[in-house]
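Examination of the molecular architecture
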Amino acid sequence: MTKQYHDHVLSDAVLGQLFNDARTYNGWLDKGVSDDQIHAIWDLMKMAPTSANMQPVRIVWVKSDEQKAKLAECASEGNQDKIKAAPVTAVIGYDIDFHEELPWLFPHADAKSWFEGDEEGRKQGAFRNSSLQGAYLILAARAVGLDCGPMSGFDEDKVNDTFFADQPRHRVNFICSVGYGDPETIFDRSPRPDFDKFNSIA
Ligand SMILES: Cc1cc2nc3c(=O)[nH]c(=O)nc-3n(C[C@H](O)[C@H](O)[C@H](O)COP(=O)(O)O)c2cc1C
C-alpha cells in the first residue's frame, strides 16, 4: 500500500536538522564516518527524483589518507586542509553516457534512444540531475545525523584525471566533505532573502 505522507509537515526538530539549523562546516570533530553511514546516505539519496530516473551521479567517497592527500592537491589553497581533516569527502561526478543504464533504470520506455546521438543533451541532463543528486546527498547526510561541507574550489581537470582516470566519460560536478561538524568552524549565518526578493507567483 502506498503511504500517505502529504498531510504531514515535519516537526520543527526535523526541519531544523535538515534546513534551519543545519550549517556548512569548515572543520570536523575527531569522529569517523562508517561505510554503513555512507551506504545509508546513498540509500536515501537514490530515492529522490531525477529526469527519467537517469541517476547520472557517480561518486567516489574519499576516505583514506592517501586519497585525501591526492584530492587536496587538486583543491584551492583554502580547501586543502578541510579535505585532509574531513573523515570523508565525496567526489560527486556525473556520467555523460548515463543513457547506457536507462534500459534497467527506466524500464517502461525506450529512454536510451532519446539520448543516443545527442551528447550535448546528455551533458546538460547529466549536469542538471547530478547537481540535484548532490543536493540530495547533503540532505540525506543531514537526515542521518551528519554534517556537510560542499566545495567547488578545485581544478576540475585534475580531479577528473585523478579520480575518474579509468572512466573517461565521468566528470566531476562538486565535492562535499561529510562528518560531524565542529561548531567552532562555522561562519556567521549569511543573510537569506525573503520570498518577495527572488520569487513571484504568476
Ligand atoms: C556547490 C557549493 C560550492 C561551495 N564551494 C565552497 C568552497 O570551495 N570553499 C568553501 O569554503 N565553501 C564553499 N561552499 C560553502 C558555501 O559558501 C556555504 O555553503 C554557504 O555560504 C552557506 O553556508 P551555511 O550553510 O553555513 O549557511 C560551497 C557551497 C556549495 C553548495
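These lines cover the structure that appears in this document, whether it is placed above or below. Residue positions are given per chain, counted from 1 along the sequence in the order it is written. Given that the model is predicted, a residue must reach a pLDDT of at least 70 before its local features are reported, and side-chain atom pairs must reach 80 or more before they are shown or counted; all residues, however, enter totals for whole chains, interfaces and linings. Heavy atoms throughout the structure, all of them, feed into the side-chain values; hydrogens and water do not.

1. Considering the site of the ligand
The following threshold applies: The near set for a molecule or strand comprises every residue that places at least one heavy atom within 4 Å of it. A 3.5 Å cut-off defines polar contacts: any pair of N or O atoms within that distance qualifies, except that in protein one atom must be a possible hydrogen donor and the other a possible acceptor, and neighbouring residues in sequence count only when both atoms are side-chain atoms. In this description a helix means any DSSP run of H or I spanning at least four residues, a strand means any run of E spanning at least two, and both kinds are numbered starting from the N terminus. Polar here means any residue outside two lists: the nonpolar Ala, Val, Leu, Ile, Met, Phe, Trp, Tyr, Cys and Pro, and the charged Asp, Glu, Lys and Arg; Gly therefore counts as polar.
Every residue lining the ligand is accounted for by Arg23, Thr24, Asn26, Asn79, Lys82, Pro150, Met151, Ser152, Gly153, Arg189 and Arg192. Interatomic distance of 2.9 Å between a side-chain N/O atom of Asn79 and an oxygen atom of the ligand. At a separation of 3.2 Å, a nitrogen atom of the ligand approaches a polar backbone atom of Pro150. Elements supplying a minimum of two residues to the shell around the ligand: α4 (77-85) and β3 (147-151). Taken together, the residues of the shell around the ligand break down into two nonpolar, five polar and four charged.

2. Remarks on the packing of helix α3 (residues 65-74) against helix α8 (residues 156-163)
Threshold: Each axis is a line fitted through C-alpha atoms, taken for helices only over the stretch in contact, and angles between the N-to-C directions span 0 to 180 degrees. To sort the angles, those under 35 degrees are grouped as roughly parallel, those over 145 as roughly antiparallel, those from 65 to 115 as roughly perpendicular, and the leftovers as oblique. Crossing handedness is defined as follows: a turn of the near helix away from the far one that is anticlockwise and smaller than a right angle gives a left-handed crossing, while the clockwise case is right-handed. Pairs of residues are marked as contacts when any of their non-hydrogen atoms sit within 4.5 Å.
The contact between α3 and α8 brings their axes to 8 Å, and the two run at 155°. For the element pair α3 / α8, the angle class is roughly antiparallel. Helix-helix and strand crossings are classified by hand; for α3 and α8 the assignment is right-handed. Where α3 approaches α8, its residues Gln67, Lys70, Leu71, Glu73 and Cys74 are matched on the opposing element by Lys158, Val159, Thr162 and Phe163. Of the residues contributing to the contact of α3 with α8, the split by class is four nonpolar, two polar and three charged.

3. Here we look at helix α7 (residues 119-143)
To keep it simple, the criterion reads: A helix is expected to reach a length of 1.5 Å times the quantity of its residues less one.
Between its terminal C-alpha atoms α7 stretches 35 Å, which fits the 36 Å expected from 25 residues at 1.5 Å a residue. With its phi angle positive at about 90°, Gly145 sits one or two positions after the end of α7.

4. Description of the nonpolar core
This is how it is decided: Nonpolar core, defined: a set of buried Ala, Val, Leu, Ile, Met, Phe, Trp, Tyr and Cys residues in which side-chain atoms within 4.5 Å join the residues together. Relative accessibility thresholds used throughout: buried, under 20% of the residue-type maximum; exposed, over 50%; partly exposed, between the two (1.4 Å probe, protein chains only).
With 20 residues, the main nonpolar core has Ile41, Met45, Ile92, Leu137, Leu146, Cys176 and Val178 as its most contacted residues. Every element with two or more residues in this core is listed here: α2 (35-45), β2 (88-95), α7 and β4 (170-179). Ranked by residue count, the leading element in this core is α7, at five residues. Residue contacts for Leu137: discarding those within four places in its chain leaves Ile41, Met45, Ile59, Trp61, Ala90, Ile92, Cys176 and Val178. Counting residues in each nonpolar core, the second largest holds 14 residues, with Val62, Leu71, Cys74 and Ile83 among its members.

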